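One-letter residues, chain by chain:
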Amino acid sequence: MKKSICIILIILLLSSLSSCINNNEVNTSTTPSLDASPSLVTDSYASLLPTHSTSVDRSIKYDTEGNLDYQAMWPEKKMLVWLYFDYFGILQYINNLDNSNPKPFSEFYTSIVSDELIVAYNDYLISLGKDYVIRFIRQDAIVDKIAEDYKALGDDNNAKQYFKFTEIYAYYFEFMKDMKNSGIQADIISSIANIKGTFSIEENDVTVQVNYTAIEESGADEINNDLLLDITDFLLDDEDKKLYGLFPDEYWSLFDKYNGIYGVYNNEIASSFIFYLRNDIINKYEVNISELDTIDEIDVFFDEIFDDYKTEITSSDLMLIRKFLDYSAYNELAGIITDKSNSTISYKYDADNNPAVINRFKDADYLQINKILAKWAARGYFNTSIVYNTDGSASASIAFAPYISYIVPGYQDYSNDSSDDIQYIPVEISRYILHDSRNKLIGIASWTKNGESAFDFLSTLFTDPHLSNLIYYGKNYKCENGLVKQNGNYSTSVLTASHMLYPNRVGEKRISDFKDAMSDAYIPPNYGFEPDITKMEYEFEEISRLCKEADSLWATHSDNFLSELENVITQLDALGYSRFLQDINKQLGQYIESKP
């Protein structure tokens, strides 16, 4: 067996620092399109920054064991303990144990914050009038046990792979249970994110890919084992509803199955599709970028400029548009939402604005979007940004030819930082779409003796940008015109509210006034709904294959897209696809009727 094992880690820690929005009603429009603003910074950030400096250095006092002395630093203030799991630091540490001279855990503790930063953080809380400070839990006790068990695996490299990618998280869970059972103080808990991926093992000298799901839903185990506190009463308290009012009712309904609200999910709460166009093209054609806020308008613009770049496109020296999205994401621009875990099911609002399961392949808006994409592919707009997989589906590849435009979900700037001559100016081409990923839950320990203070901190964390930016960018960060001119520490993102972070690149965007941004959120028709197909008898593997094939036809068969689609529809009908969608539609109706 080879000693060297190729590790492929695909962890869905969707910690994109997306702009997030909120809404208490479903808009009557059947599509998430909205009027877009061309400006890079639309809000005043100055009012959100602290009015005085919190980064003033002051002498740090330590106890006799050399640890930060909270009582001496903040006398008569309550101390709240925040539990979190430093996965990246721990993983690096146990990988290091296989070396001949392993380093101590302290050198891999990537998520820990320095004493200086802890002082700045807590001084800021005190400046807000809080009667408490935060202590971030040290994880040496967890690590010692992990290291002991890892070393016990000896030279069994396959067992080590399973240990690192599927078993390591259980130690944090047991650590929390031990703290509760022993009555050891804990107040704030960061649950582990949803973890899925693949890793490699060796079997008979053949590399085998193993698919795994370590954490299906962030916080579920903690809730089901009574480790998190139901904060519903705190949220609905008339004295402080700023956290409750930050998100729409639909967001809080994600906890309905638990009969209580147990924290705040903190990962990609919402995102908008963004069209980026090169600034020199904007200037050359005197484009009003704000008018390019739908696929149809973008298509008309491409028609107008195509002839000017046809030669370069044909010779593969230029792309009119670079393809970053997967082959089904474009359908969201038509208000069609396809289940992320089951691509056979799509949803849309009907003419009466009621959520419904649809056959997207027969939907007029689906056909319109895909006809446009087929035309773009046939003309070579995407150029080398499309490759064809062995199953015939299309996907994005790394393309080196220059490109004039691109579409991405959320504000992600792909400008070349080394060039001031070429920049890409963004415009929103969809309303902000609310997500229901149930990921990165942050809540309150069920055994806390400081419930009111812990909730006050949770509310402050998710509504005060400085707390998150302080941890992410450091105590001396500066925000100028809505931008932070330095890189953040990704490993500390577990201690932040991601929607509160300021961007550090032109073209990215964070919404400073959350409530204004959330006022026009698009609530997907299947928001919070989880279909159950476990007792159904259909040829799901073949149906799934055909659905994926149909979604990629605009790229693989751009010249005869409609006729090829008819062939796929005929095959799906023969497999009972329409009947299957009707079954799911009944479940959706029951789910809607069961909601409070």
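Provided above is the structure to which this section pertains.
This one's a predicted model, so the numbers in the text were calculated from it and none came from an experiment. (Residues numbered from 1 in each chain as written. Predicted model: local features only at pLDDT ≥ 70, side-chain atom pairs only at ≥ 80, totals over all residues. Heavy atoms only, no water.)

As for helix α6 (residues 170-182)
Side chains of residues three or four places apart in an α-helix project in the same direction, reflecting 3.6 residues per turn.
1) Next: Here α6 spans 18 Å end to end across 13 residues, near enough to the 18 Å set by a 1.5 Å rise per residue.
2) Next: Residues of α6 that are buried include every one of Y171, Y172, F173, F175, M176 and M179, and no others.
3) Next: Once α6 ends, the next one or two residues include G183, with phi positive near 70°. (Helix = DSSP H or I, 4+ residues; strand = E, 2+ residues; numbered from the N terminus. Expected span 1.5 Å × (residues − 1). Buried < 20%, exposed > 50% of the residue type's maximum accessible area, 1.4 Å probe, protein only.)

Here's the deal with the sheet that holds strand β12 (residues 355-358)
1) Next: Reading across the sheet, the three strands line up as β10-β11-β12 and stay open at both edges, with antiparallel pairing between neighbours. Only two strands of the sheet have a single neighbouring strand rather than two, namely β10 (337-338) and β12.
2) Next: Bridging between strand β11 (residues 346-349) and β12 involves four bridges; their strand directions are antiparallel. In the sheet register, Y349 faces β12, and the bridge partner there is P355.
3) Next: The sheet strands contacting helix α19 (residues 577-594) are β11 and β12, and the helix crosses β12 at an angle near 165°. (Pairing = 2+ DSSP bridges. Contact = heavy atoms within 4.5 Å. Axes fitted to C-alpha atoms, helices over the stretch in contact; angles between N-to-C directions.)

Quick notes on the side chain of D339
1) Next: Locating D339 in the fold gives a position in the loop between β10 and β11.
2) Next: Buried within the structure, D339 lacks any salt-bridge partner; K340 is the closest side chain of opposite charge, at an N-O distance of 8.7 Å.
3) Next: A distance of 2.9 Å separates the side chain of D339 from the backbone nitrogen of S341, its partner in a polar contact.
4) Next: Of note is the side chain of D339, whose polar atom sits 3.2 Å from the backbone nitrogen of N342.
5) Next: When neighbours within four sequence positions are excluded, D339 is seen to be in contact with I345, Y347 and P531. (Lys, Arg positive; Asp, Glu negative; His and termini not counted. Salt bridge = Lys/Arg side-chain N within 4 Å of Asp/Glu carboxyl O. Polar contact = N/O pair within 3.5 Å; in protein donor to acceptor, adjacent residues only side chain to side chain.)

Notes on the pattern of salt bridges
Side chains that carry opposite charge are capable of pairing whenever their charged atoms lie near each other.
1) Next: For the coordinates displayed, the defined rule picks out 24 salt bridges.
2) Next: Notably, a salt bridge pairs D140 with R138, separated by 3.1 Å at the nearest N-O pair.
3) Next: Among the ionic pairs, K196 bridges to E216, the shortest N-O distance being 3.5 Å. Of the two residues, K196 sits in strand β4 (residues 195-203) while E216 sits in the loop between β5 (206-215) and α7 (220-224), which places them 20 residues apart along the sequence.

What to know about α19
1) Next: Taking 1.5 Å of rise per residue, 18 residues should cover 26 Å, and α19 covers 26 Å from first to last C-alpha, within 8% of that figure.
2) Next: Within α19, burial applies to Y577, F580, L581, I584, Q587, L588 and Y591. Buried positions in α19, seen along its axis, are confined to an arc of 115° and lie on one side of it. Set apart from the buried face of α19 by more than 90 degrees, the exposed residues are K586, Q590 and E593.
3) Next: Of the surrounding elements, those touching the buried residues of α19 are β11, β12, α16 (540-551) and α18 (561-574). (Arc of directions from axis to C-beta.)

Concerning the environment of V506
1) Next: In this structure, V506 sits in the loop between β20 (483-484) and α15 (514-518).
2) Next: For the pair V506 and Y414, spaced 92 residues apart in the sequence, the C-alpha separation amounts to 9.8 Å.

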